[in-house]
Amino acid sequence: MKALVYHGPGNKSWEEKPKPTLLFPTDAIVRILKTTICGTDLHIMKGDVPEVTDGRIIGHEGVGIIEETGSAVSNFKPGDNVIISCITSCGKCPNCKKGMYSHCADGGWILGHLIDGTQAEYVRIPHADNSLYHIPEGVDEEALVMLSDILPTGFECGVLNGDVKPGDVVAIVGAGPIGIATLLTAQFYTPAKIIMIDQDDNRLQVTKKFGASHIINSEVENVVEKIMDITGHAGVDVAIEAVGIPETFELCEAIIAPGGHIANIGVHGKSVNLHLENLWSKNITITTRLVDTVTSPMLLKTVESKKLVPASLITHHFKLDEILEAYDTFGNAAKEKALKVILSS
């Protein structure tokens, strides 16, 4: 089969690899129909995730058709259309029993990280019964690619960890796909204001269509001053970091109100300064999280009922064998006006 293979920072290729086979009775082999590129994949390509080794097939999102199942798989059969979760979970270990699938003793975020991933023609899915979801009839497959990762990530790591409540003022730093997924799902809780912060004017304008009440271009505006103007010098109730660089996390520290929540989503490859000299007395809650995908079934229902329309995040389409071009497009999002790209087999 063909696959996108990582060969160290800045070095990737579309090349021939062996087709995966069943290794355990709980495995399934899925033929990829549609996949996408995540901001985390860009972090990997920069070398921010050193656990990813030379020769790894990248990718952790997608939908496909089951080709083969192990003898212990009971919820799925060959021919089933499925959503692939970015998180693999056995469902039996102590962390899975707590709903913390991201720290499964035999799984977690392993696809495209510690084992071969979904930017390929075929992928092996461990613990298939707990790591796949049936695709309801008549639901747009492209939209469901967003349920692999960005919708549960934005919702769990940003909205739920940030404890967004009715009437809150929420600032989301980063208007990429994860930031916009956070914007969409934050509206479940009717915050009073959602302020989107980015350096890409196109993305900021898109967020206004998706429900942002205010937008701030941090390249040309003083974000802290603008936030204080908007909030009457109070700061925001919830600051959500969706980029993964020191400057954006420190911005969240600067704009948070007393009693507020800072929720980190971004994948950080460098250390961040924690300004406890300013925060120690402010009753601040700071949370981190790797998505657990425990909310994926609920989010699937909202997509099925069209309460959420994640297909609107898709801006570019490519064939799977055009993945190198797709990486160039996604990596130059501002120039290309890209949000999510879909790669189809």
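Here the structure is a predicted model, which means the values were calculated and not measured.

What should I look at first to understand the overall build of the chain in this one?
A tally of helices and strands in the chain yields 13 helices and 16 strands. Since a compact globule built from 345 residues should have a radius of gyration of about 20 Å, the 20 Å found for the chain is in line with a globular shape. Out of the 345 residues in the chain, the part that is buried amounts to 58%. For the chain, the proportion of contacts with a sequence separation of at least 24, taken over those separated by at least 6, is 69%. Here the chain displays about 14,300 Å² of accessible surface, and carbon together with sulfur accounts for 51% of that area.

Mind showing me how you'd approach the nonpolar core here?
Ranked by internal contacts, the top residues of the largest apolar core, which has 67 residues, are Ile-58, Ile-83, Leu-144, Leu-147, Leu-151 and Met-196. With sequence-adjacent residues up to four places away left out, Leu-144 is seen in contact with Val-63, Ile-83, Ile-135, Pro-136, Val-139, Leu-300 and Val-303. Core analysis: the next-biggest nonpolar cluster, separate from the first, contains 19 residues, Ala-171, Ile-227, Ala-239 and Leu-279 among them.

Please explain the pattern of salt bridges as it appears in this structure.
Two side chains bearing opposite charge may form a pair once their charged atoms approach each other closely. This model, assessed by the stated rule, comprises 13 salt bridges. The residue Lys-340 makes a salt bridge to Glu-61 at a minimum N-O spacing of 3.5 Å. Remark: Glu-61 occurs in the loop between strand S4 (56-57) and strand S5 (62-69) and Lys-340 occurs in strand S16 (residues 340-344); sequence separation between them is 279 residues. When its relative accessible area of 1% is taken as the criterion, Lys-340 is described as buried. You can call Glu-61 buried: its relative accessible area is 0%. Glu-221 serves as the salt-bridge partner of Lys-226, at 2.9 Å between the closest nitrogen and oxygen. For Lys-226, a relative accessible area of 30% corresponds to the partly exposed category. For Glu-221, a relative accessible area of 28% translates into the label partly exposed. Through salt bridges with shared partners, a single network forms among Lys-19, Arg-31 and Glu-67.

Just to check I follow, could you spell out the side chain of His-113 for this structure?
With respect to the secondary-structure elements, His-113 resides in the loop between helix H2 (94-97) and strand S7 (122-125). Here His-113 is in contact with Val-49, Glu-51, Val-52 and Arg-56, once residues within four sequence places are set aside.

Got a minute to help me understand the layout of surface pockets in this structure?
Empty space within the second largest pocket amounts to approximately 200 Å³. For the second largest pocket, the lining is made up of 15 residues, of which Pro-20, Thr-21, Leu-23, Asp-116 and Arg-124 are closest to its centre. Considering every element that reaches the lining of the second largest pocket, the biggest residue donor is S7, with 3 residues.

Honestly, a negative patch on the surface in this entry has me stumped. Any pointers?
The grouping of Glu-16, Glu-121, Asp-321, Glu-322, Glu-325, Asp-328 and Glu-336 at the surface amounts to a negative patch. Take Asp-321: it is sitting in the loop between strand S15 (314-319) and helix H12 (323-331). Classification of Asp-321 as exposed rests on a relative accessible area of 56%.

Please explain helix H6 (residues 177-186) as it appears in this structure.
Structurally, the α-helix is built with 3.6 residues per turn, so residues lying three or four positions apart point the same way. Counting buried residues in H6 gives 10 out of 10 residues, a clear majority hidden from the surface. Along H6, the residues that are buried comprise Pro-177, Ile-178, Gly-179, Ile-180, Ala-181, Thr-182, Leu-183, Leu-184, Thr-185 and Ala-186.

Honestly, the packing of helix H5 (residues 150-160) against H6 in this entry has me stumped. Any pointers?
Helix-helix packing: each pair is described by the crossing angle between the helix axes and the interaxial distance. Between H5 and H6, the least distance of the axes is 8 Å, while the angle of their chain directions is 70°. Classed by the angle they form, the pair H5 and H6 counts as roughly perpendicular. H5 and H6 meet at a crossing whose hand is right-handed. Where H5 abuts H6, its residues Ile-150, Leu-151, Thr-153, Gly-154, Phe-155, Gly-158 and Val-159 lie against Pro-177, Ile-178, Ala-181, Thr-182, Thr-185 and Ala-186. In the contact of H5 with H6, the residues fall into 8 nonpolar, 5 polar and no charged.

It is not clear to me how the packing of aromatic side chains should be interpreted in this structure. Could you clarify?
Two aromatic rings, taken as a pair, are described by how far apart their centres are and by the angle between their planes. Using the criterion set out here, one finds 2 aromatic pairs in the structure. With 5.6 Å between their ring centres and 75° between their planes, Phe-155 and Phe-188 make a pair best called edge-to-face. Linking Phe-155 in helix H5 with Phe-188 in the loop between H6 and strand S10 (193-198), this pair joins segments that are 33 residues apart in sequence. Residue class for Phe-155 comes out buried when judged on its relative accessible area of 3%. Relative to Tyr-189, the ring of Phe-155 has its centre 6.4 Å away and its plane inclined at 15°; by these criteria the two rings are stacked. Separated by 34 residues along the polypeptide, Phe-155 in helix H5 and Tyr-189 in the loop between H6 and S10 bring together distant segments of the chain. Three or more aromatic residues link up through ring pairs in this structure, and these residues are Phe-155, Phe-188 and Tyr-189. Lying across the ring of Tyr-122, Lys-19 places its NZ or CZ 4.2 Å from the centre.

Criteria and thresholds
- Residues numbered from 1 in each chain as written.
- Predicted model: local features only at pLDDT ≥ 70, side-chain atom pairs only at ≥ 80, totals over all residues.
- Heavy atoms only, no water.
- Helix = DSSP H or I, 4+ residues; strand = E, 2+ residues; numbered from the N terminus.
- Rg over C-alpha atoms; globule rule 2.2 N^0.38 Å.
- Buried < 20%, exposed > 50% of the residue type's maximum accessible area, 1.4 Å probe, protein only.
- Contact = heavy atoms within 4.5 Å.
- Areas by Shrake-Rupley, 256 points an atom, 1.4 Å probe, with all protein chains shown as cover.
- Core = buried A, V, L, I, M, F, W, Y, C linked by side-chain atoms within 4.5 Å.
- Salt bridge = Lys/Arg side-chain N within 4 Å of Asp/Glu carboxyl O.
- 1 Å grid on protein atoms, 1.4 Å probe; cavity = no way out; pocket = protein on both sides within 12 Å on 5 of 7 lines; lining within 4 Å.
- Points joined across faces, edges and corners; volume = space filled by probe spheres on them.
- Patch = residues over 30% accessible without salt bridge, like charges linked within 9 Å, V, L, I, M, F, W, Y side chains within 5 Å.
- Lys, Arg positive; Asp, Glu negative; His and termini not counted.
- Charge placed at Lys NZ, Arg CZ, Asp CG, Glu CD.
- Axes fitted to C-alpha atoms, helices over the stretch in contact; angles between N-to-C directions.
- Parallel < 35°, antiparallel > 145°, perpendicular 65-115°, else oblique.
- Left-handed = near helix turned anticlockwise from the far one by under 90°.
- Nonpolar A, V, L, I, M, F, W, Y, C, P; charged D, E, K, R; others polar.
- Phe/Tyr/Trp six-rings, centres within 6.5 Å; stacked < 30°, edge-to-face > 60°.
- Lys NZ or Arg CZ within 6 Å of the ring centre and 35° of its normal.

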